[in-house]
Amino acid sequence: MSDCSMRKPILLLVLLVLVAAGVLLWLRSGHEIKPPAEVTEAESAPVVARSPTPVSLTNESEPPEVVLTFPADPRPAVQKFYEFARAANLYRFDPRVIHYFEETNRFGTDISFQTPTHGVQVLNGKVLHVISNMDSANAPHDREGKGIAAWHSCTGTMTEEEALAATMAILQAINDTRTMEAVQKGKRTFEAIPIHVKDPNGNRVRVIPFRTIRLYDERRVLCVRAQFRMGETGSAGLVDWFNNR
């Protein structure tokens, strides 16, 4: 073997030693690879989204009850009507008087007036007739039949006894003892006519929007007619009243 061939392994060995020494010096100079930092238990826990603190629902959060107020109208006939309206639970009632007419005829003092929702007749200080202009069965101002569009929601019920009780309660509240005594021995009739109307989806539904009770005296003369409009669970209010006693 020649001297040249023997020198090559020696040079390679020296080169490897030099490279290893250089790496060692580089690591000692501060460039060593650091182990990963320890992760605490709190940092490793999953992130949980917290919902806002719930607000307790009390009576204060419920919508306030609507209390009907009556205008300070000094006319006796209007005040008599307001007395009746407080007792009768008129359906969708606006008490403002917008038209007023008074005349004297052979029957006495006949007064008629209109509110935005109802027509009223007061004869000799007694409320003779009250009718809802748009929401009764034969609404006088609903010539286009707009009220019928809401009849699909009249799913509540009212029995004859319930209608009688509601009517007598009105008479008692307005202190009409004369009429109450007159109908004690008379007959009564009850009307609940089913009809078919369309709901907002166009489906045909069967409902009974109104219950009408008529009370007669013992001579079979009509004394009181009361018509109630149904809501979703029961009577929603009075829509037609006639007291001829």
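Residues numbered from 1 in each chain as written. Predicted model: local features only at pLDDT ≥ 70, side-chain atom pairs only at ≥ 80, totals over all residues. Heavy atoms only, no water.

A. Fine view of the overall build of the protein. Helix and strand content of the protein: five helices and ten strands. In the protein, buried positions account for 32% of the 245 residues. In the protein, once contacts between residues fewer than 6 apart in sequence are set aside, the share between residues at least 24 apart is 48%. As presented, the protein carries roughly 17,000 Å² of accessible surface, and 56% of it is formed by carbon and sulfur atoms. (Helix = DSSP H or I, 4+ residues; strand = E, 2+ residues; numbered from the N terminus. Buried < 20%, exposed > 50% of the residue type's maximum accessible area, 1.4 Å probe, protein only. Contact = heavy atoms within 4.5 Å. Areas by Shrake-Rupley, 256 points an atom, 1.4 Å probe, with all protein chains shown as cover.)

B. Representation of the pairing of strand β3 (residues 118-123) within the structure. Where strand β2 (residues 108-114) and β3 come together, five bridges link them in antiparallel fashion. Opposite Q114, over in β3, you have G119 as the bridge partner. With antiparallel pairing between neighbouring strands as the criterion, β2 and β3 make up a hairpin whose turn holds three residues. Relative to strand β4 (residues 126-132), β3 runs antiparallel, the two sharing six bridges. Bridge assignment links Q121 to a residue of β4, and that residue is H129. Counting the residues in the hairpin turn of β3 and β4 gives two residues, including N124, whose phi is positive at 50 degrees. (Pairing = 2+ DSSP bridges.)

C. Structural detail: the pattern of salt bridges. One pass over the structure, following the stated rule, counts eleven salt bridges. For R92, the salt bridge is made with D135, and the minimal N-O distance between the two is 3.4 Å. A residue pair is termed long-range when its members are at least 10 positions apart, and R92 in the loop between α3 (76-88) and β1 (99-105) and D135 in the loop between β4 and α4 (160-173) qualify at 43 residues. Judged by its relative accessible area of 57%, R92 is exposed. Each of the salt bridges in this network shares a partner with another, and the network as a whole consists of E160, E161 and R188. (Salt bridge = Lys/Arg side-chain N within 4 Å of Asp/Glu carboxyl O.)

D. Spatial organisation of the packing of aromatic side chains. Scanning the model with the defined rule gives eight aromatic pairs in all. Taking 6.2 Å as the distance between ring centres and 45 degrees as the angle between the ring planes, the aromatic pair formed by F70 and F93 counts as tilted. Taken together, the residues F70 in the loop between α2 (41-44) and α3 and F93 in the loop between α3 and β1 connect sequence positions 23 residues apart. No difference in accessibility class separates F70 from F93, as the two residues are buried. Pairing Y100 with F113 gives two aromatic rings, centres 5.9 Å apart and planes at 15 degrees, and the pair type is stacked. Remark: F113 occurs in strand β2 and Y100 occurs in strand β1; sequence separation between them is 13 residues. Taking the relative accessible area as the measure of exposure, F113 reaches 2% and is therefore buried. Taken together, the ring pairs connect F70, F81, Y82, F93, Y100 and F113 into an aromatic cluster. (Phe/Tyr/Trp six-rings, centres within 6.5 Å; stacked < 30°, edge-to-face > 60°.)

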